[in-house]
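Each chain, written out:
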Amino acid sequence: MTTSPSSESPADAERVLDFRLVPAALLTWSVALVAACVGYRAAAGVTAVFGLLAAACVCVRPRVSRDVTRIICVALLFAATASVAFGVRAYLAETHTLREAAAESKIVDVHLVLESDPRPITAARSGEQRFVFRASVRAMRMDGRSEPWQPARAALTVFATGSRWGTVIPGETVIVSGKAAVPNRPDFSAATIFTTGPPDVKSQASWLQRHAAQVRSDFRAVVQGALPEEQAQLLPGLVIGDRSAMPQHMRDEFIATSLTHLTVVSGTHVTIVCGAVLLAARYATGSRRAAAVVTAVALVWFVIVCRPEPSVLRAAAMGTVTLLALISGRRRHALPALSAATIVLLLFRPQLATDLGFALSVTATAGIILATPPLADALTTRGMPRVPAAILAVAIVAQLVTAPLIAAFAGNFSVVGVLANLLAAPVVTAAIVAGYAGLVLAPLWSGAAAVAVFLAGVPVTWLLWVARYCARLPYAVVTVPGGPSGAVAMVALFALAGLALRFRKLRLVLLASVVGCCLALVPFRLLGPRFPPGPWVASACDVGQGDGFVLATSRRSAVVVDTGPEPALIDQCLRRLKITKVDLVILTHMHADHVAGISGVFRGRTVHAVGVGRGRDPDSGYALVHAAAVEANVPLVELTQGMVLRFPSVTLTVLGPPTERAPFLGPNDQSLVVMAAVRTGDGNEFRVLFTGDAEIEAQQWLLDNVPPEKLAADIFTVPHHGAATSIPSFLRAVARRPGSVALIGVGAENSYGHPAPSIVALLEELGAIVARADVHGMVVVVVRDDGLEVAGQRAGKTERGGGAESPVHAGASLDVPVS
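Residues numbered from 1 in each chain as written. Predicted model: local features only at pLDDT ≥ 70, side-chain atom pairs only at ≥ 80, totals over all residues. Heavy atoms only, no water.

1. Concerning the packing of helix α7 (residues 229-240) against helix α15 (residues 417-441)
Here is the rule we go by: The axes used here are C-alpha line fits, helices contributing only the stretch in contact, and every angle between their N-to-C directions lies in the interval 0 to 180 degrees. Secondary structure elements follow DSSP: runs of H or I of four or more residues count as helices, runs of E of two or more count as strands, with numbering from the N terminus. Roughly parallel here means an angle under 35 degrees, roughly antiparallel means over 145, roughly perpendicular means 65 to 115, and every remaining angle is called oblique. The criterion used for residue contact is that any of the two residues' heavy atoms lie within 4.5 Å. Gly falls in the polar group here, along with every residue not listed as nonpolar (Ala, Val, Leu, Ile, Met, Phe, Trp, Tyr, Cys, Pro) or charged (Asp, Glu, Lys, Arg).
Contact pair α7 / α15: the axes reach a minimum separation of 9 Å and the direction vectors enclose 90 degrees. Here α15 runs roughly perpendicular to α7, going by the angle between their axes. Listed contacts from α15 to L238, V239 and I240 of α7 are A431, I432, G435, Y436 and L439. Here the residues of the contact of α7 with α15 are counted per class, giving 7 nonpolar, 1 polar and no charged.

2. Brief notes about unusual backbone geometry
The omega torsion across G656 and P657 is 5 degrees, close enough to zero to call that bond cis. Position of P657 among the secondary structure elements: in the loop between β18 (650-656) and β19 (673-679). Geometrically, the link from H754 to P755 is a cis peptide bond, its omega value of -10 degrees lying close to zero. Positive phi, normally seen in glycine, also occurs at N633, with a value near 60 degrees.

3. Focus on the nonpolar core
This is how the line gets drawn: The definition of a nonpolar core used throughout is a set of buried Ala, Val, Leu, Ile, Met, Phe, Trp, Tyr and Cys residues joined through side-chain atoms within 4.5 Å. Type-normalised accessible area, obtained with a 1.4 Å probe on protein chains alone, sets the label of each residue: buried when under 20%, exposed when over 50%, and partly exposed for intermediate values.
With 49 residues, the main nonpolar core has F219, L235 and F302 as its most contacted residues. At the level of elements, α6 (207-226), α7, α8 (248-256), α9 (267-285), α10 (288-305), α11 (310-328), α15 and α16 (446-471) are the ones that each hand at least two residues to this core. When near neighbours in sequence (up to four residues on either side) are disregarded, L235 contacts F219, V223, L227, V453, A456 and V460. Within the second largest apolar cluster, 32 residues are counted, among which are C541, V543, L577 and V595.

4. Things to note about the pattern of salt bridges
Applicable threshold: Any carboxyl oxygen of Asp or Glu within 4 Å of a side-chain nitrogen of Lys or Arg constitutes a salt bridge here.
This structure, assessed with the given rule, holds 16 salt bridges. The residue K106 makes a salt bridge to E104 at a minimum N-O spacing of 3.2 Å. In this structure K106 comes out as partly exposed when scored by relative accessible area, which is 34%. Its relative accessible area of 54% is what places E104 among the exposed residues. Residues R468 and E230 are paired through a salt bridge, measuring 2.8 Å at the closest nitrogen-oxygen approach. Of this pair, R468 sits in helix α16 while E230 sits in helix α7, placing them 238 residues apart in sequence. One network of salt bridges, with partners in common, ties together D571, R575, R603 and R605.

5. Side note on the packing of aromatic side chains
Note the cut-off: Only centres within 6.5 Å qualify two rings of Phe, Tyr or Trp (six-membered ring in Trp) as a pair; their planes then separate them into stacked at under 30 degrees, edge-to-face at over 60, and tilted for everything else.
What the rule picks out here adds up to 6 aromatic pairs. Between F549 and F690, the ring centres sit 6.3 Å apart and the planes meet at 50 degrees, which makes this aromatic pair tilted. Of this pair, F549 sits in strand β11 (residues 549-552) while F690 sits in strand β20 (residues 685-690), and the two are 141 residues apart along the sequence. Classification of F549 as buried rests on a relative accessible area of 2%. Within the aromatic cluster, the residues linked to one another by ring pairs are W462, W465 and Y469.

6. Quick notes on the state of the cysteines
Cut-off, in case you're wondering: What counts as a disulfide here is a pair of cysteine sulfur atoms lying within 2.5 Å.
Evaluation of the coordinates by the stated rule reveals 1 disulfide. Bridging C541 to C573, the disulfide has an S-S length of 2.0 Å. Measuring the twist about the S-S bond at about -65 degrees, one finds the C541-C573 disulfide to be left-handed. A residue pair is termed long-range when its members are at least 10 positions apart, and C541 in the loop between β10 (536-540) and β11 and C573 in helix α19 (residues 567-576) qualify at 32 residues. The class of C541 is buried, set by a relative accessible area of 2%.

7. Regarding the packing of α9 against α10
Under the convention used in this document: Crossing handedness: left-handed means the near helix sits turned counterclockwise from the far one by under a right angle, and right-handed means the same turn made clockwise.
In contact at an axis separation of 8 Å, α9 and α10 are set at 145 degrees when each is read in the N-to-C sense. Classified by chirality, the crossing of α10 by α9 is right-handed. Together, H269, V270, V273, C274, V277, L278, A281, R282 and T285 of α9 and R288, A290, A291, A292, V294, T295, A298, L299 and F302 of α10 make up the contact between the two elements. Class assignment for the residues of the contact of α9 with α10 results in 13 nonpolar, 3 polar and 2 charged.

Coordinates in, geometry out; function isn't part of it.
Shown next, in the form of structure tokens:
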């Protein structure tokens, strides 16, 4: 017997209606992606296709239930309408005059209004702070003051260099002159502007925006006065999403532990704030309507203070959905509300379609709505108390449903994410509520605000410990395939795990596979080769195209010579070497590839001093170093020719440059040249020479003024990354000792051609063991009973003159990969 399409049960109809807007939301998102990534022509094609499908659906009336037919028609009509809107946005961006100027890399003047706070990013090569922000254009003109301003409307992304950009706020109107470039991200913007000039502010922001900026400033001032440094760096991010004070190592720890949702304004913040206000207002007034009005006002104030940027609007929408679901107790209705919120946000802010944060937020919220209740029920039936079961279910679901997206974009998976979120969950509400109390009180009564902030400091301290401890656990983050293949692999893996949990036989197979992997990997890790393989004397860090060297002074302390261009890379190297104390940082000269990573040395370790030479070119490099040292409260000391510095097992002697001539030399020849005498436990002594980027003039001065026996070294850094700017006689004088080790700090496939084949060939001819960061990765020189051994993190070859390749020789272990 057949069942008519209209005879479904009420329960079935209700279940269908639970998903009534999901297809519309998915199709709206899809057409936004097509318009942003492919262009307006593709959007026009999508409009035609979906319009025809919607018409066919209405006319043909497929033999399915009336509700399903209605859902399909609504989704197709939404998609067709949205594709028109998105296609128009894409057309206006792609045909805008700014896009034409960007295609030719022209200089343009733009009259724009800031839509977001300038966010600090990696410093420029000059050492100056850089910022990025979104803006909307009001007028423009091609470079040339004689041309009149032309009215224009478009969205822009602006990269600005200079510390003064950190003082402007959203809503201010500024004039910017800079080079236009085609956007490298599909977000419906007409162009990207790169400017190095200071902001030319023409009009102030509105009263509300100035009020929000003042509240944020007052709050930051209270936090800095009431909390220790690390807690003061984290709390503004936890409360208002202001991560500008968070050092990179702290951000890395929160990323590794999947706690970043706490340091941006998310639905969690909106739920906690609105929930707290709702309960307090309901208790005070006794009226549900009055409590709802008070909560709505609090939500509006929250959005204004935290800035109505896409992330905050997304958080407000998602948090409101979650809050409504919790208040009503009808979780089913949360899914249509989530779909409606997604559609509305995409229609008003189509650039959200390509925003990873938006995708993670929607995915996590949908997963929590659909999967958390059954998982929490399953845990409860197995004896777990209801509240811990709910917390665990939320942590597991949020981690699993967002893992494919994170794998696709970042190529990694946080193994400790669930654990970290479980440990953080008990204190998050207290930290956010106390933090928002401080935020509200800061402009009214700083003393009371300081008390609230001080109370928030206790849970914030716990969050810092959780992030740091979990991030440092072995295999806290594992690398997985990136791109679509990585996402598919993660989905397949989780699907297999779900089936295994459902069926006993598959559970046994999965358990046997895990046990087998452990039996294979654990002995290898415990008994296999380690890196570093033994007590080391010196190390060349793999910091990319730059220099970063480490000289051991005791088991956990060292002297660092140059820091490379990126803080994260030198920090990673020092962590691998287990360095917790730095007796001295020597910066040979002020080029960014030697000093820009200095803040990475300060992360989580004690640094006694930073040593610089008398030459300070370029000034921007010295400004960066000075600012980093002041921020870390580390003294700057000047090193000059003839100075001798003594540490427990190391004596440093500054050989050059000549003190009086140093400021007048070229930037590379200003490099400090330092000889280190290293004493080992068995009474042996090794000599290590650090040369920076010293070139012909500096090298000739050393040959003329330093006795040959004082230049000879067992280990030495090859000047200027192995460039062909070295005097052969200088290299012969340095590499006089048999089997000396030549360390070259150089990035893979760099555009400078470093190291020069002629220099490498000469070093090999002299019998030196050539260790290159681009080939061998991080390199360490290890003390053995019979002398020194060189070990590289990667296997590799060295190049002889003429391009022939041969394994590293003279007893070195560089051609053996060490894990």
